[in-house]
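# Summary of structural features
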Amino acid sequence: MAEQVKENTVTLTIDGVEVAVPQGTLVVDAAKIAGQDIPVFCYHPKMEPVGMCRMCLVDIGYPVKDRNTGEAVLNEDGTPKIQFGRTLVTGCTQVVSEGMVVVGYSEKVQQARKDVLEFFLTSHPLDCPICDKGGECPLQNLTLAYGPGESRFNYDEKKKNLKHVPLGDLIFLDRERCIHCARCTRFQEEIVDDPVIGFYNRGRSLEITTWSEPGFDSYWSGNTTDICPVGALTTADFRFGARPWEMLEVASICRECPVGCNLTLNTRREAKSGGKMVVKRVMPRQNEQVNELWICDKGRFGYHYASADDRLTTPLIRKEGEFIPASWDEALSLAAEKMQAAGSRLVSVAGGQLSNEDYFHIGQLTEHLGGKAVLYSNMMGGDLTTKVGMGPGSNLADLGAGDAILVVASDLEEEAPLYWLRVKQAAERGATLIVANPRATKTDRYAAHIIRYEYGQEAAAILALSLDRIGDSDLADESFKQAAKAFAEAENAVVFFGSEGTGMAQSDALSKACANLLIATGHTGRPNNGLVGVWDKGNVQGGWDMGLQPSATLFDDLKAAKAAYVVGADLAGDNPAYKQALAQAEFVVVQELHHTATMELADVVLPAQSFMEREGTLTSGERRVQRYYPAVPPAGESKADFAITAEIAAMAGKELESVSAGLVFLGIVGKFKDYADLDYQALAEVSEQWPIIGREDLYYGGTGYANHQGLGVLLGTAAGRGEPVLIDGFDLPDTGVDGLLAVPVTRLYDQGNNLRYAAVMFPRIASSYVSLNPADAAGLGESVVVELNGFQVEVALKLDENVPQGIVVVPRSFGLPISAPTPVVVKN
Amino acid sequence: MSIYNPLPILKGLWTTIKSVVEKPVTLQYPEQKRVMPQRFKGRHHLRRYDNGLEKCIGCALCAAACPADAIFVEASENTDEVRYSPGERYASTYEINMMRCIYCGYCEDACPTEAIQLGHDYEMAYTEKRNSIYTREILLDPPPEGQESTPRKVEPGVFNRSIPVMKDAE
């Protein structure tokens, strides 16, 4: 062992097991590495230790040194003499030191654990049979391991508290069960910086309470239920849903945003669904390179759309204005016939949440028929991320002092919560965070440099950040100069570009400007350097990688289409303009999960499987390809998207793989250079991660699941392969508007189809609104009429000082027809 | 052997005659039914409290303990408007597959509220497989004399404990 010891490691003995750990490691973490149990309640490996619960008490001894010589004193048998302390110490606050001896299995320590537990149980209701945590509860497990069989305290003197306190719409608090470990409050404060819950009162009356209105107003609240070491915090969604041991676990990937958080779907048969397997809850799955141990509440509670009651279960054909159920053969041959006849006037529109396999097939079929395949997204630059994206070996967790992160045109927490968290953590480790956005966002709190530009000028602002151009720009003030310097001098630099106030033209210019900046400053082709698209939908990057692109002329394309093939995109529901365009298309084939506004316009409807019912791969904004697995049987006769496309293709004279997603992926591997050498096995590989979670010891990391099903693979980039990278020239978009300018922004909780079925989230989703600066709102009431793109919509008016004057902030997917900055009239 | 030996036939006849006068061991089932010993383990009952509320809290520990995987439980939440059991939680689905059940009584042992008990009923023949599933409606005892059945509407705030306090048997 001794020769392996490096300079910065420390060797110690924990319960007879010798272990070498990095300097500065805490004793409880060292025990985890050694595979020894030191139980904890308040300590969590992702948070600072506080030593509140006293569960981790251990006996610690240090080698005795001779005061004069400094040499270790030896026992008679030649072993070092160890001097133990007079009292037990908390292992979670104690840093390891050379030669330390930690004893957890002595009678003294065992008695201490017993006593601590007995004390916790004096006011714990022990209602494990009805507790949602029962079965995966650290307190329950440790009580079984160490607890006294009988309490010496009088049952009637137990503290009776409120048992069913809604902390918000999503989380319930049971005050009797709470052991005051402060994990939840520290998580909200330290990790996600939403200190909306806290302690109230003192001593035995101490209780968790929420300060915000609405209660527990945070996108991260569900995570507190994972790390709560007792059943004090439970979710409203899963309440009494099933016992933990009754459910199966299936690995999946979230597609609500481009982060690609790793999920575990817990499934069980359900009586009210007629005995079918259903997903009972969604839990985070550890991937320290993507989502660590956390997921946002949209990912956790928004999954209900995939099992909604109005799922399409059979193909439908419109006959005399009515949808008539049809056989697959009928529907497919009609669709194939019309699509084949359309030839170059076929427009295929692929939504932003399909899998790579689906995109690949849609592209192949459309190419075969000579049509145009369109990726339904309002962002551009997916080709640039393949050139100058973050390459293999990157991990946002590696960014720290000396590195820079630029977040431009993005309200990052609303657009991709986990990116926000990772960027925030990088900033806390010392990375220089530059935030360029027209209005203030939560990301500003960690920014070293804040750059404000006007809506529409995002590309110009990024150009001005290039050191060589900074003199030319009339935008560049002192904040630009400092930021430009910091960015250019950073060792590693990453740019996140979002869609705050951008349409396709703005996004195109912005992405190119960002790529230029990275190339100009030499931040390409190396790990932890490059461009990350904060895409408007979960798998937009995958769509780009499969050769699909958004179309600026989609509206006209659809109007002129002889056949439109719309897959997983609710065009008509998003924007009434598309509704008119689709109505003019001669023949519309819609492939969907459920009834949507677009599906109402279809001539043939093909029922598709949801992500829970099939397998496939997704590519995240960082270009990590990740694999998800089938969890529940398909609804009705529905088929996987790629299989439907393959069957249409077969009827139109093109052979495509229609059964195995893995084989489709091999086709992708053969065609696209970035995907070469990949296969489903490679995507399922895992390696050891820190912190170690998911063993029997739920007390340590919480109830999140360990990753056994794949960490995914980061794709290579053109710059990383040393290929020359050229960025096309671009025009700066025209920004001049008389009067008010409406700009689209993204809200995490929108009124899109994904959240339409998540009843538990409804109270958290705002009704349709627009935001204005108070200075622009003179004479306007609480409800206004917005004239936008020829449509009039009545919405609520919110006043927000952060909105620049002359701007109307319009959230996307709230029923307002907006996809780019547009002149607008707001009136009473 | 000229003399016929009557002994064997008399011996047999004696047994016959004895049986004629003896109390018969057969029962005229189904007109007559056997009284079961106190500890006989027959069909399960879901018990109620004296006030008529259900004892079952839907914890599914019976299902966890069941070696034959015969029990399926789903829980739901009580409200004061629609109350089944005194605590927060009740069994909205409770099914026992009698074809799987081996009448071992582990469910009874596991139950924290003494809600499920194996009773004396053994008449469970069925002609359709589907009927081997005993639902909570079949398993639940009727409410005690004079008590309302469940669900019922109750005064708010009276039943605020997750598991009602249970007194040890005297």
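Note that the coordinates shown come from a computational prediction; the quantities given were computed from them, not determined experimentally. Numbering of residues starts from 1 in each chain and follows the order in which that chain's sequence is written. The naming scheme follows written order: chains are lettered A onward, ligands numbered 1 onward. Reporting of local features is limited, given that this is a predicted model, to residues whose pLDDT is at least 70; pairs of side-chain atoms are given and counted only at 80 or more, and all residues count toward the totals for whole chains, interfaces and linings. Each side-chain value is derived from all of the structure's non-hydrogen atoms; neither hydrogens nor water enter the calculation.

## Remarks on the overall build of chain B
Per the convention used, a helix needs a DSSP run of H or I reaching at least four residues, while a strand needs a run of E reaching at least two, with both numbered from the N terminus. In terms of regular secondary structure, chain B is built from four helices and five strands. Start at the N end of chain B and walk to the C end: the helices and strands fall as α-β-α-β-β-α-β-β-α. The quantity called the radius of gyration is restricted to C-alpha atoms. Its globule counterpart is 2.2 Å times the number of residues to the power 0.38. By the compact-globule yardstick of 15 Å for 170 residues, chain B is too spread out, its C-alpha radius of gyration being 25 Å. In terms of overall dimensions, chain B has a C-alpha envelope of 95 × 35 × 30 Å along the principal axes.

## Things to note about the overall build of chain A
Tallying secondary structure elements over chain A gives 22 helices and 35 strands in all. Against the compact-globule benchmark of 28 Å for 828 residues, chain A has a radius of gyration of 29 Å, which places it among compact chains. Projected onto the principal axes, the alpha-carbon positions of chain A cover approximately 95 × 70 × 60 Å. Here chain A holds 828 residues, and the buried ones make up 62% of them. Nonlocal contacts in chain A, meaning residues at least 24 apart in sequence, comprise 72% of its contacts between residues at least 6 apart. All accessible-area figures derive from a Shrake-Rupley calculation using a 1.4 Å probe, and residue coverage is judged against the displayed protein chains alone. Working note: accessible area of chain A is about 30,800 Å², and carbon and sulfur atoms make up 48% of it. Three exposure classes are used, based on accessible area relative to the maximum for each residue type with a 1.4 Å probe and protein chains only: buried under 20%, partly exposed in between, and exposed over 50%. Any two residues whose heavy atoms approach within 4.5 Å at even a single point are treated as in contact.

## A short note on the sheet that holds strand β7 (residues 165–166) of chain A
A strand pair is defined by DSSP finding two or more bridges across the two strands. An order of β7-β8-β11 (chain A) is seen for the three strands of this open sheet, with the pairing classed as antiparallel. The open sheet has two free edges, formed respectively by β7 and β11 (233–235) of chain A, since each of these has just one partner strand.

## A closer look at the domain arrangement of chain A
All names here are of chain A. In this document the domain limits rely on a domain assignment from an automatic tool or a database. Looking at chain A, the domain boundaries give domain 1 (2–105), domain 2 (116–235), domain 3 (316–378 + 543–669), domain 4 (384–534) and domain 5 (740–827). Placing a centre on the C-alpha atoms of domain 4 and another on those of domain 5 gives a separation of 26 Å. Joining two parts hides part of their accessible area as seen by a 1.4 Å probe, and the buried area is that hidden amount summed over both. Of the roughly 1,100 Å² buried between domain 4 and domain 5 on both sides combined, carbon and sulfur atoms contribute 57%. Summed over the three residues of domain 4 that lose the most area to domain 5, namely Glu414, Arg439 and Tyr455, the buried surface amounts to 48% of that side. Between Arg747 and Glu414 there is a salt bridge; the shortest N-O distance is 3.4 Å. Any pair of N or O atoms that falls within 3.5 Å is considered a polar contact. Within protein, one atom must be able to donate a hydrogen and the other to accept it, and sequence-neighbouring residues count only if both atoms are side-chain atoms. Run the count over domain 4 and domain 5 and you get five residue pairs in polar contact (both at pLDDT 80 or more). Put simply, Ala, Val, Leu, Ile, Met, Phe, Trp, Tyr, Cys and Pro go in the nonpolar bin, Asp, Glu, Lys and Arg in the charged bin, and everything else, Gly too, in the polar bin. In terms of residue class, the side of domain 4 that touches domain 5 is built from four nonpolar, five polar and four charged. Take a side-chain nitrogen of Lys or Arg and a carboxyl oxygen of Asp or Glu: if they are within 4 Å of each other, that pair is a salt bridge.

## Considering the packing of helix α12 (residues 458–465) of chain A against helix α13 (residues 478–489) of chain A
Residues and elements named next belong to chain A. Here an axis means a line fitted to C-alpha atoms, over the contact stretch when the element is a helix, while the angle between two N-to-C directions is reported on a 0 to 180 degree scale. Relative to each other, α12 and α13 sit at 60°, their axes nearing to 8 Å. On the basis of the axis angle, α12 is oblique to α13. Every residue of α13 that contacts α12 at Ala461, Ala464 and Leu465 is listed here: Phe480, Ala483 and Ala484. Small angles under 35 degrees read as roughly parallel and large ones over 145 as roughly antiparallel, with 65 to 115 read as roughly perpendicular and the rest as oblique.

## Description of the interface of chain A and chain B
Contact with chain A, which involves 23 residues of that partner, is made by 20 residues of chain B. Summing both sides of the interface, chain A and chain B together bury roughly 1,700 Å²; the carbon and sulfur share of this comes to 55%. When residues of chain A are sorted by the area they lose upon contact with chain B, Pro129, Ile130 and Phe240 of chain A head the list and together hold 34% of the total. Taken together, the links from chain A to chain B amount to three salt bridges. A salt bridge links Arg239 of chain A to Glu88 of chain B; the shortest N-O distance between them is 2.5 Å. Our enumeration of links across chain A and chain B arrives at seven residue pairs in polar contact (both at pLDDT 80 or more). If one sorts the elements of the side of chain A that touches chain B by residue count, strand β13 (residues 262–270) of chain A sits on top with three residues.

## With respect to the sheet that holds strand β25 (residues 588–592) of chain A
Within a sheet, adjacent strands bond to each other through the backbone by hydrogen bonds, running parallel or antiparallel. Residues and elements named next belong to chain A. Spatially, seven strands are ordered β16-β15-β26-β25-β24-β17-β18 in an open sheet, and the strand pairing comes out mixed. Here the strands that pair on one side only, and so sit at the sheet edges, are β16 (322–325) and β18 (372–375). The sheet shows a mean angle of 20° between the axes of neighbouring strands, taken without regard to direction. As paired elements, strand β15 (residues 316–319) and β16 share four bridges and run antiparallel to each other. Bridged to Lys319 within β16 is Glu322.

## Here's the deal with the environment of Phe41 of chain A
Residue and element names in this part refer to chain A. Summarising the element assignment, Phe41 is placed in the loop between α1 (27–34) and β3 (57–63). Each C-alpha atom, one on Phe41 and one on Pro138, is 7.6 Å from the other, the two residues being 97 residues apart in sequence. Residues contacting Phe41, with those up to four places away along its chain left out, are Cys53, Met55, Leu117, Phe120, Pro138, Leu139, Leu142, Ile179, Cys181, Arg183 and Pro229.

## A closer look at the side chain of Thr122 of chain A
Residue and element names in this part refer to chain A. Relative to the helices and strands, Thr122 is located in the loop between α2 (107–121) and α3 (138–146). Taking relative accessible area as the criterion, Thr122 reaches 11% and is therefore assigned buried. Filtering out sequence-adjacent residues up to four positions away, Thr122 remains in contact with Phe153, Lys158 and Arg204.

## Quick notes on α12 of chain A
Note that an α-helix has 3.6 residues per turn; residues three or four places apart therefore point the same way. All names here are of chain A. Burial analysis of α12 places eight of its eight residues in the buried class, the great majority of the element. Every buried residue of α12 is accounted for by Glu458, Ala459, Ala460, Ala461, Ile462, Leu463, Ala464 and Leu465. Residues of α12 that are buried in the fold lie against β19 (404–408), β21 (449–451), α13 and α14 (504–520).

## Overview of the packing of aromatic side chains
All names here are of chain A. Centres within 6.5 Å make a pair out of two Phe, Tyr or Trp rings, where for Trp the six-membered ring is used; the pair is then stacked when the planes are under 30 degrees apart, edge-to-face when over 60, and tilted otherwise. One pass over the full model with this rule turns up 17 aromatic pairs over all chains. For the pair Tyr376 and Tyr578, a centre-to-centre distance of 6.0 Å together with 75° between the ring planes defines the contact as edge-to-face. With Tyr376 in the loop between β18 and α9 (382–388) and Tyr578 in helix α18 (residues 576–584), this pair connects stretches of sequence that are 202 residues apart. Looking at Tyr578, the relative accessible area reads 11%, which means it is buried. An angle of 85° between the planes, with centres 5.6 Å apart, marks the rings of Phe497 and Trp535 as edge-to-face. With a gap of 38 residues between them, Phe497 in strand β22 (residues 493–497) and Trp535 in the loop between β23 (530–533) and α15 (540–545) connect regions that are remote in the sequence. Exposure remark for Phe497: the relative accessible area of 0% places this residue in the buried category.

## What about the packing of helix α8 (residues 356–369) of chain A against helix α19 (residues 641–651) of chain A?
All names here are of chain A. At a closest axis distance of 8 Å, the pairing of α8 and α19 adopts a crossing angle of 20°. Classified by the angle between their axes, α8 and α19 sit roughly parallel to one another. You can see that α8 and α19 cross each other, and the crossing is left-handed. Residues Glu357, Asp358, His361, Ile362 and Leu365 of α8 touch α19, and the partners they reach there are Asp641, Phe642, Thr645, Ala646, Ile648 and Ala649. By convention, the crossing between two helices is left-handed when the near helix turns anticlockwise from the far helix through less than a right angle, and right-handed when the turn is clockwise.

## As for the side chain of Thr598 of chain A
All names here are of chain A. With respect to the helices and strands, the residue Thr598 is situated in the loop between β25 and β26 (604–607). Residue Thr598 is classed as buried on the basis of its relative accessible area, which comes to 0%. Among all residues touching Thr598, those that are not within four sequence positions of it are Val566, Ala569, Asp570, Leu571, Ala572, Gly573, Leu582 and Val590.

## Here's the deal with unusual backbone geometry
A cis amide bond links Glu213 of chain A with the next residue in sequence, Pro214 of chain A, at an omega value of 0°. Position of Pro214 of chain A among the secondary structure elements: in the loop between β10 (207–210) and α5 (221–227). Put simply, Thr150 of chain B and Pro151 of chain B share a cis peptide bond, and its omega is 0°. Within the secondary structure, Pro151 of chain B is located in the segment after α4 (136–139). Within the chain, Asn789 of chain A stands out as a residue other than glycine whose phi angle is a positive 50°. Even without being glycine, Ser813 of chain A reaches a positive phi, approximately 55°. If you trace the backbone, Ser813 of chain A turns up in the loop between β34 (807–811) and β35 (822–827).

## With respect to α14 of chain A
All names here are of chain A. Multiplying 1.5 Å by the helix residue count minus one yields the expected span of that helix. Helix length check: α14, at 17 residues, gives a terminal C-alpha distance of 24 Å against a target of 24 Å (1.5 Å per residue), a fit within 8%. Burial analysis of α14 places 12 of its 17 residues in the buried class, the great majority of the element. Of the positions making up α14, those classed as buried are Met504, Gln506, Ser507, Ala509, Leu510, Ser511, Lys512, Ala513, Cys514, Ala515, Leu517 and Leu518. Each element contacted by the buried residues of α14 is listed here: α9, β19, α12, α13, β22 and β23. Gly522 occupies a position one or two residues after α14 and carries a positive phi of about 75°.

## Thoughts on the pattern of salt bridges
By the definition in use, this model includes 53 salt bridges over all chains. The salt bridge involving Glu207 of chain A is made with Arg175 of chain A; its shortest N-O contact spans 3.7 Å. You can see Glu207 of chain A sitting in strand β10 and its partner Arg175 of chain A sitting in the loop between β8 (171–173) and α4 (183–191), a full 32 residues away along the chain. The buried category is assigned to Arg175 of chain A, whose relative accessible area is 15%. A salt bridge links Asp141 of chain B to Arg47 of chain B, with the shortest nitrogen-to-oxygen separation between them at 2.6 Å. Here Arg47 of chain B lies in the loop between β1 (44–46) and α2 (61–65) and Asp141 of chain B lies in the segment after α4, a separation of 94 residues in the sequence. With a relative accessible area of 16%, Asp141 of chain B lands in the buried category. Using a relative accessible area of 22% as the deciding quantity, one classes Arg47 of chain B as partly exposed.

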